[in-house]
Amino acid sequence: MQTLVGWHVEMEFEEVGDRTRCAAMVRLGDGTEMRAHGTANRHPSDPEQLRVGEEIAGARAMMDLASQMLQKAHQEIDQMSGRTSHPIRG
């Protein structure tokens, strides 16, 4: 299989108390950079599991990035076709 293009994704996590934050960035093949954030809050009765907070905060940040990428793609479709496209919302 030949790779035509690659995307670069960076994710950083910070945990303060019961809150985990994720900052995510994707750099697309056309040079566009998109950034997003996600958070997770641990319930006081839950045990400390850093990995779980990271997974939730990271997934939320990636969901935001995915939404931004869909919006960008549909704007490009609309510009090229002269029609209004409708992204599927998940």
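Right above here is the structure, for reference.
Residues numbered from 1 in each chain as written. Predicted model: local features only at pLDDT ≥ 70, side-chain atom pairs only at ≥ 80, totals over all residues. Heavy atoms only, no water.

(A) Main features of the overall build of the protein chain. Across its full length, the protein chain carries 1 helix and 3 strands. Beginning at the N terminus, the succession of helices and strands in the protein chain can be written as β-β-β-α. Taken over C-alpha atoms, the radius of gyration comes to 17 Å for the protein chain, far larger than the 12 Å a tight globule of 90 residues would show. With the principal axes as the frame, the protein chain shows a C-alpha extent of 55 × 30 × 20 Å. (Helix = DSSP H or I, 4+ residues; strand = E, 2+ residues; numbered from the N terminus. Rg over C-alpha atoms; globule rule 2.2 N^0.38 Å.)

(B) Broad picture of the pairing of strand E2 (residues 19-27). Sheet topology note: the strand E1 (residues 8-16)/E2 ladder contains 9 bridges and is antiparallel. Residue pairing for E2: Glu12 is matched across the bridge by Ala23. Linking E1 to E2, which pair antiparallel, is a turn of 2 residues; within it Gly17 sits at a positive phi near 65°. Where E2 lies against strand E3 (residues 33-41), 9 bridges are found, and the strand directions are antiparallel. Looking across to E3, one finds that Cys22 is bridged to Gly38. (Pairing = 2+ DSSP bridges.)

(C) Looking closely at the environment of Leu70. The topology assignment puts Leu70 in helix H1 (residues 50-81). Taking the C-alpha atoms as reference, Leu70 lies 22 Å from Thr3; in sequence the two are 67 residues apart.

(D) Expanded view of the side chain of Lys72. One can find Lys72 in helix H1. Polar contacts involving the side chain of Lys72 include one to the side chain of Glu76, which spans 2.4 Å. If we skip the residues at most four places from it in the chain, Lys72 touches Leu28, Asp30, Thr32 and Met34. (Polar contact = N/O pair within 3.5 Å; in protein donor to acceptor, adjacent residues only side chain to side chain. Contact = heavy atoms within 4.5 Å.)

(E) Seen up close, the nonpolar core. Counting residues in hydrophobic clusters, the biggest one holds 10 residues: Cys22, Ala24, Val26, Leu28, Met34, Ala36, Ala40, Ala57, Ala61 and Leu65. Put simply, the parts of the chain that give this core at least two residues each are E2, E3 and H1. The contacts of Val26, once residues within four sequence positions are left out, are Trp7, His8, Val9, Thr32, Glu33, Met34, Leu65 and Met69. (Core = buried A, V, L, I, M, F, W, Y, C linked by side-chain atoms within 4.5 Å. Buried < 20%, exposed > 50% of the residue type's maximum accessible area, 1.4 Å probe, protein only.)

(F) Looking closely at the layout of surface pockets. The space that makes up the largest pocket amounts to roughly 180 Å³. Lining the largest pocket are 14 residues, with Asn41, Arg42, Gln49, Val52 and Gly53 sitting closest to its centre. Every element with two or more residues in the lining of the largest pocket is listed here: E3 and H1. The biggest single contributor to the lining of the largest pocket is H1, with 4 residues. (1 Å grid on protein atoms, 1.4 Å probe; cavity = no way out; pocket = protein on both sides within 12 Å on 5 of 7 lines; lining within 4 Å. Points joined across faces, edges and corners; volume = space filled by probe spheres on them.)

(G) Molecular detail of the pattern of salt bridges. Tallying each qualifying case throughout the model produces 5 salt bridges. In this structure, the salt-bridge partner of Asp30 is Lys72, at a minimum N-O distance of 2.8 Å. Placement of Asp30 in the loop between E2 and E3 and of Lys72 in helix H1 is noted, with a sequence separation of 42 residues between them. Glu55 is the partner of Arg51 in a salt bridge, and the nearest nitrogen-oxygen pair spans 3.3 Å. Taken together, the residues span about one helical turn, with Arg51 and Glu55 both in helix H1 at a distance of 4 residues. Note on Arg51: relative accessible area 52%, which makes it exposed. Connected via shared salt-bridge partners are Arg27, Glu33 and Arg35. (Salt bridge = Lys/Arg side-chain N within 4 Å of Asp/Glu carboxyl O.)

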